[in-house]
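What the coordinates show
As a plain string of letters, each chain reads:
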Number of protein chains: 2
Amino acid sequence: MFRREISRVHRGLKNLFRTDGEVAVLASSGTGAMEAAVANVVTRGDPVVVIRSGKYGERWGEICGAYGAKVDWLEVEPGAVVDPGELGDRLDSGGAKAVFAVHLETSTGALNDIAGVARAVGDCSTLVVDAISSLGVHEFDMDGWGVDVAVGASQKGLALPPGLGFVAVGPGARARVESSGSPRYYFDLRKYLTAGAENQTPFTAPVTLIAALGRALENLGTTDESIARHARLSRAFRAGVEAMNLEMFPAVPSNAVTVFAVPEHLDAEELVRILEEDWGMRIAAGQGALRNRVVRMGHLGHISDEDVVALFEALEKVLPQCGHPVEPGRGVRAVGMTLARSGEESHHGS
Amino acid sequence: MFRREISRVHRGLKNLFRTDGEVAVLASSGTGAMEAAVANVVTRGDPVVVIRSGKYGERWGEICGAYGAKVDWLEVEPGAVVDPGELGDRLDSGGAKAVFAVHLETSTGALNDIAGVARAVGDCSTLVVDAISSLGVHEFDMDGWGVDVAVGASQKGLALPPGLGFVAVGPGARARVESSGSPRYYFDLRKYLTAGAENQTPFTAPVTLIAALGRALENLGTTDESIARHARLSRAFRAGVEAMNLEMFPAVPSNAVTVFAVPEHLDAEELVRILEEDWGMRIAAGQGALRNRVVRMGHLGHISDEDVVALFEALEKVLPQCGHPVEPGRGVRAVGMTLARSGEESHHGS
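It should be emphasised that the depicted structure is a prediction, and the values quoted were computed from it without experimental measurement.

1. Let's talk about the relation of the copies chain A and chain B
The operation linking the two copies of the chain is a rotation about an axis combined with a translation along the axis. Between chain A and chain B, the superposition needs a rotation of 180° and an axial shift of 0.0 Å, giving an RMSD of 0.0 Å. Those values place the two copies in the arrangement expected of a two-fold rotation axis. Residues of chain A ranked by C-alpha distance from the rotation axis are headed by A:Ser28, positioned 2.5 Å from it. Most of the interface of chain A is mirrored in chain B, where 100% of its interface residues again form contacts.

2. Digging into the interface of chain A and chain B
Chain A puts 27 residues into the contact, and the matching count from chain B is 27 residues. Counting each side, the surface lost to burial between chain A and chain B is near 2300 Å², with a carbon and sulfur contribution of 66%. Its largest share of buried area at the contact with chain B, chain A owes to A:Pro183, A:Tyr185 and A:Tyr186, together 27% of the area lost on that side. At the junction of chain A with chain B, the criterion picks out zero salt bridges. Taken together, the links from chain A to chain B amount to eight residue pairs in polar contact (both at pLDDT 80 or more). Elements that contribute at least two residues to the side of chain A that touches chain B include exactly α2 (30–41), α3 (55–66) and α9 (207–219) of chain A. Element by element, the count of residues in the side of chain A that touches chain B is highest for α3(A), at four residues. Residues of the side of chain A that touches chain B, tallied by class, amount to 15 nonpolar, eight polar and four charged.

3. Things to note about the packing of helix α12 (residues 305–321) of chain B against helix α13 (residues 330–341) of chain B
Residues and elements named next belong to chain B. The interhelical angle for the contact between α12 and α13, taken along N-to-C directions, is 165°, at an axis separation of 8 Å. Compared by their axis directions, α12 and α13 come out roughly antiparallel. Here α12 and α13 pass one another in a crossing that is right-handed. Touching Asp305, Val308, Val309, Phe312, Glu313 and Glu316 of α12 are Arg330, Gly331, Val332, Val335 and Leu339, all from α13.

4. Points about the packing of aromatic side chains
Pairs of aromatic rings are described using the distance from one ring centre to the other and the angle between the two planes. Here the structure, examined in full by the defined rule, presents 19 aromatic pairs over all chains. On the basis of an interplanar angle of 55° and a centroid distance of 5.8 Å, the ring pair of A:Phe187 and B:Tyr186 is categorised as tilted. Linking A:Phe187 in the loop between α7 (174–179) and α8 (189–196) with B:Tyr186 in the loop between α7 (174–179) and α8 (189–196), this pair reaches from one chain into another. Judged by its relative accessible area of 1%, B:Tyr186 falls in the buried class.

5. Observations regarding the sheet that holds strand β11 (residues 284–285) of chain A
Residue and element names in this part refer to chain A. Reading across the sheet, the three strands line up as β10-β12-β11 and stay open at both edges, with antiparallel pairing between neighbours. Looking at the sheet topology across the chains shown, the edges are occupied by β10 (257–261) and β11. Taken together, the five bridges between β10 and strand β12 (residues 294–298) define a ladder with antiparallel strand orientation. For Ala261, the partnering residue across the bridge sits in β12 and is Val294. The sheet contacts of helix α10 (residues 223–243) involve β10 and β12, and relative to β10 the element is tilted by about 15°.

6. A few points about the sheet that holds strand β10 (residues 247–248) of chain B
Residues and elements named next belong to chain B. Across the sheet, which stays open at both edges, the four strands sit in the order β10-β11-β13-β12 with antiparallel pairing between neighbours. A single partner strand is all that each edge strand has here, and the edge strands are β10 and β12 (284–285). Inspection of the sheet shows β10 paired to strand β11 (residues 257–261) by two bridges, in the antiparallel sense. When the sheet's bridge partners are listed, Met248 is paired in β11 with Phe260. Relative to β11, helix α10 (residues 223–243) is tilted by about 15°, and along the sheet it contacts β10, β11 and β13 (294–298).

7. Points about the pairing of β13(B)
Residues and elements named next belong to chain B. Counting buried positions along β13 gives four out of five residues, so the element sits mostly inside the fold. In terms of strand pairing, β12 meets β13 through two bridges, oriented antiparallel. Across the sheet, the residue bridging to Ala285 is Val295, located in β13.

8. A look at the environment of A:Thr338
Residues and elements named next belong to chain A. By secondary structure assignment, the location of Thr338 is in helix α13 (residues 330–341). We classify Thr338 as buried; its relative accessible area is 6%. Spatially, the C-alpha atom of Thr338 lies 7.0 Å from that of Arg235, the residues being 103 residues apart in sequence. Apart from residues no more than four positions distant in its own chain, Thr338 is found in contact with Arg235, Ala236 and Ala239.

9. Points about the environment of A:Pro162
Of note, A:Pro162 is situated in the loop between β8 (149–153) and β9 (164–169). A sequence separation of 161 residues divides A:Pro162 from A:Gly323, and the C-alpha atoms of the two residues are 36 Å apart. In contact with A:Pro162, not counting residues within four places along its chain, are A:Ser154, A:Gln155, A:Leu209, B:Thr204, B:Ala205, B:Pro206 and B:Val207.

10. Here we look at helix α4 (residues 84–92) of chain B
An α-helix turns once per 3.6 residues; consequently, residues spaced three or four apart project the same way. Residue and element names in this part refer to chain B. Every buried residue of α4 is accounted for by Leu87, Gly88 and Leu91. Around the axis of α4, the buried residues are gathered within 100° of arc, so they sit on the same side. Set apart from the buried face of α4 by more than 90 degrees, the exposed residues are Asp89 and Asp92. Capping the start of α4 is the job of one residue whose side-chain oxygen sits 2.8 Å from the backbone nitrogen of Gly85: Asp83.

11. Comments concerning the packing of helix α11 (residues 268–279) of chain A against helix α12 (residues 305–321) of chain A
All names here are of chain A. One way to put it is that α11 packs onto α12 with a least axis distance of 10 Å and a crossing angle of 125°. Relative to α12, the element α11 lies oblique. When you trace α11 past α12, the crossing you get is right-handed. Contacts from Leu271, Ile274, Leu275 and Trp279 of α11 reach α12 at Leu311, Ala314, Leu315, Lys317, Val318, Leu319 and Gln321. For the contact of α11 with α12, the class distribution of residues is nine nonpolar, one polar and one charged.

12. Comments concerning the environment of B:Glu35
Counting through the fold element by element, B:Glu35 comes out in helix α2 (residues 30–41). The class of B:Glu35 is buried, set by a relative accessible area of 2%. Taking the C-alpha atoms as reference, B:Glu35 lies 9.9 Å from B:Arg184; in sequence the two are 149 residues apart. In this structure B:Glu35 touches A:Arg184, A:Tyr185, A:Tyr186, A:Phe187, B:Ile63, B:Tyr67 and B:Phe187, once residues within four positions along its chain are discounted. A distance of 3.4 Å separates a polar atom in the side chain of B:Glu35 from the backbone nitrogen of A:Tyr185.

13. Points about the confidence of the model for chain A
Mean pLDDT over chain A works out to 93, with 98% of the residues at or above the 70 mark. Taken together, the chains of this predicted complex give a pTM of 0.91 and an interface ipTM of 0.86.

14. Brief notes about α3(A)
Residues and elements named next belong to chain A. Spanning 12 residues, α3 covers 16 Å between terminal C-alpha atoms, matching the ideal 16 Å at 1.5 Å per step. Buried residues of α3: Gly57, Arg59, Trp60, Gly61, Ile63 and Cys64, and no others. Phi turns positive, to about 80°, at Gly68, one or two residues after α3.

Each value, and the rule that gives it
Residues numbered from 1 in each chain as written. Chains lettered and ligands numbered in written order. Predicted model: local features only at pLDDT ≥ 70, side-chain atom pairs only at ≥ 80, totals over all residues. Heavy atoms only, no water. Least-squares fit on C-alpha atoms with pLDDT ≥ 70 in both. Contact = heavy atoms within 4.5 Å. Buried area = accessible area lost by both parts, 1.4 Å probe. Salt bridge = Lys/Arg side-chain N within 4 Å of Asp/Glu carboxyl O. Polar contact = N/O pair within 3.5 Å; in protein donor to acceptor, adjacent residues only side chain to side chain. Helix = DSSP H or I, 4+ residues; strand = E, 2+ residues; numbered from the N terminus. Nonpolar A, V, L, I, M, F, W, Y, C, P; charged D, E, K, R; others polar. Axes fitted to C-alpha atoms, helices over the stretch in contact; angles between N-to-C directions. Parallel < 35°, antiparallel > 145°, perpendicular 65-115°, else oblique. Left-handed = near helix turned anticlockwise from the far one by under 90°. Phe/Tyr/Trp six-rings, centres within 6.5 Å; stacked < 30°, edge-to-face > 60°. Buried < 20%, exposed > 50% of the residue type's maximum accessible area, 1.4 Å probe, protein only. Pairing = 2+ DSSP bridges. Arc of directions from axis to C-beta. pLDDT = per-residue confidence, 0-100. Expected span 1.5 Å × (residues − 1).

Take a look at the structure:
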């Protein structure tokens, strides 16, 4: 019984990552899956290039550092996306054993061009991509683009509770995984790939989450449908934000989270506080270097048209209280019209 | 809200381990918690003593080996328990930075004397104990005995789904954790203890499992009540097994699993197969060196008196089919009388 469940989950995840390789399912958060990728690709002393596109790019570098890699940071301005040409130049100076990138950097809302990154990396280096927030939300074509190792998690596009991490190992990356010299046991991907070939798990499996994952992969519909749903919501958020005279922060906005720049007169933390306390709605202020610079509104998973309209009704009331005047009805109208133009909300699952 | 949940969970786990130290809650299986203990205690090249009491003792050594420790195995015959005197002699030869032990070795059903092990270890070395199967099932007095680091998991005595691992760091072990030189990030206990002090988690928390854990810790009743419930079931299993002319395998049987030795005339794998296919009941054959030598019957978590009686009714029918004659009614009668003598089944929770 459970073997059939595991088999179904592996098939669904391979479709989602678009790989003919194998996908390891770990009982861990997304960060655990990131560490598994590092431990199986990097050996102490290896030179690696890490694209610092925001908080999660930074996390790649921290983990590589913990494993003794020599980290060469490729800096990206907050909200900007990585320039594949610049990455290519950096790699020409030679020697990087691996390159670490983030597809959708939720800390800034920016979507990096992983196809371009993969072309710049070519065959000289192992490309490892954090696709945690982009899987099922944006096109991700692991084998087609030439990504060697990619990680995901249960709680983003799949809208499951957290507790499962995924590491996809592309067909060409298996040899690299076999030969890593870092200490690894629980995160030893060889154990998962060997057990997975017989639809088993190397350690006690988190059975409830895996059963839910099988169901979620079915309910997602095709990956294209899931991407289209998220893209539609994202267009509505963007229309609403711009109609209220706010500017999008990232150079290339994503379908998972809408991030707007905080104008000088707006008290962003007050905005977040009032929305939560008086309206029961959660959006997020920027963190670290982006504190008071951005506001982030996530729209992953089960969000209805009504949820979006209700949020913008609240924003129209609360923004003026926090210093940013809004002409009543403009934001909500823009949201409503965008949703209507994009056709009926599609429904999946039961 | 979630902070209150985390705080409640930490309090409950400290009671369960009986420690004034701190308990890290990880999104991982029990093996992940074991690896976290190793990564935070052992540095490459450290000499360590590992008590090989069965499959899980072996696992300690494998993880220590993966982290580059010099493993000195203390061998224990299958089904026997470790002799604290022998451990003391081994440690007198000096130098072990840490000692790794398993409290309840479910592969053989034997319960090791951790109080004795802790006395033998004394203050010269860090004692790390796998209490995964014994927490809430047998007395475990971490601080009282002098255990430095102990690990647990959600799916045993707490009867939750798998997916959470626990690492308890005793008051005296904190310095050791601070100074480990092994690569660690996701399993870096310093992150969990620092975040935990503010009732937060360092990485995305598996919220559904943590909410269930809070409830399970409440429903457990006192640890003494939980131990008494498991001890009562265990007495009934043992009475039933002996009444059917089978011998207990472990030198010191545990409350979590009843393991009997397979007589030469009994086909153990056939027994397990028929019980599962014809009766829908799951018991387990031995693995590895214990294949065809033992049969293991687990009784952790939510098991009713009726469940136990039904299992022995089935065993009385199936054992003769597999070569071991049983006088009808003897096993069931012994089980029923033992349960009756031990008084009413206690009920907890709603």
